[in-house]
Amino acid sequence: MSQTLPRPPRPAPPGAPPARRRRGAGFTLLELLVVLVILGLLAGLVGPQALRYLGGAKSDAARLQVEDFGGGLDLFHLEVGRYPRTDEGLQALVAPPAGVSNWNGPYLKKKVPKDPWGNDFLYRSPGQHGPYDLFSYGADGAEGGEGDNQDLVSW
């Protein structure tokens, strides 16, 4: 068995630049700046789009809550013979109002939630648009508006 010895390194040709030593593995400042610029562009393009979807999701959630209340109000009407009065409000769906004997609730699974923006849903019975009006003023909490500030109504 013969053992081969390692060859000595070849000398560099005349005029060749000196060999670079390998520094610690890392990124140059230029590489880091390029990555930061790319991340900034992505955040600038994707961020507003994500916020738009978030606002739309809150409006959709409020719409679903209004429909859920409508189902509870209809069950209340079937059993009691009338919709809750304005002074009884939506609380009549989770606790029996005074003087009501046919109440067989609760008609909601949980307590009456606030709208997705933290405001109370507004209830009126008799309503101006039907037997009851159930609505939320949207993100701005004021009547009217467009987009996320648009009123969400049961009629």
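The rules behind the values
Residues numbered from 1 in each chain as written. Predicted model: local features only at pLDDT ≥ 70, side-chain atom pairs only at ≥ 80, totals over all residues. Heavy atoms only, no water. Helix = DSSP H or I, 4+ residues; strand = E, 2+ residues; numbered from the N terminus. Contact = heavy atoms within 4.5 Å. Areas by Shrake-Rupley, 256 points an atom, 1.4 Å probe, with all protein chains shown as cover. Pairing = 2+ DSSP bridges. pLDDT = per-residue confidence, 0-100. Core = buried A, V, L, I, M, F, W, Y, C linked by side-chain atoms within 4.5 Å. Buried < 20%, exposed > 50% of the residue type's maximum accessible area, 1.4 Å probe, protein only.

Some points on the overall build of the protein chain
Moving on, step 1. The secondary structure content of the protein chain amounts to 1 helix and 3 strands.
Moving on, step 2. From first element to last, N terminus to C terminus, the protein chain shows the α and β order α-β-β-β.
Moving on, step 3. Long-range pairs, those at least 24 residues apart, make up 39% of the contacts in the protein chain with a sequence separation of at least 6.
Moving on, step 4. Accessible surface, the protein chain: about 11,900 Å² in total, of which carbon and sulfur atoms supply 59%.

So, the sheet that holds strand E3 (residues 152-153)
Moving on, step 1. In spatial order, the strands read E1-E2-E3; together these 3 strands make up an open sheet with antiparallel pairing. Since the sheet does not close on itself, it has two edges, and those belong to strand E1 (122-124) and E3, each with one partner.
Moving on, step 2. The pairing of E1 with strand E2 (residues 133-136) spans 3 bridges and is antiparallel. Directly across from Leu122, in E2, lies its bridge partner Phe135.

Description of the confidence of the model for the protein chain
Moving on, step 1. Averaged over every residue, the pLDDT of the protein chain is 83; the share at 70 or more is 88%.
Moving on, step 2. Element-level mean pLDDT values for the protein chain span from 83 in E3 up to 93 in E1.

Re the nonpolar core
Moving on, step 1. Counting 18 residues, the largest nonpolar core has Phe69, Leu73, Phe76, Leu90, Leu93, Tyr123 and Leu134 as its most contacted members.
Moving on, step 2. Considering each element in turn, this core owes the most residues, 5 residues, to helix H1 (residues 29-80).
Moving on, step 3. When residues no more than four places from it in sequence are discounted, the contact partners of Leu90 are Phe69, Leu73, Val112, Phe121, Tyr123 and Leu134.

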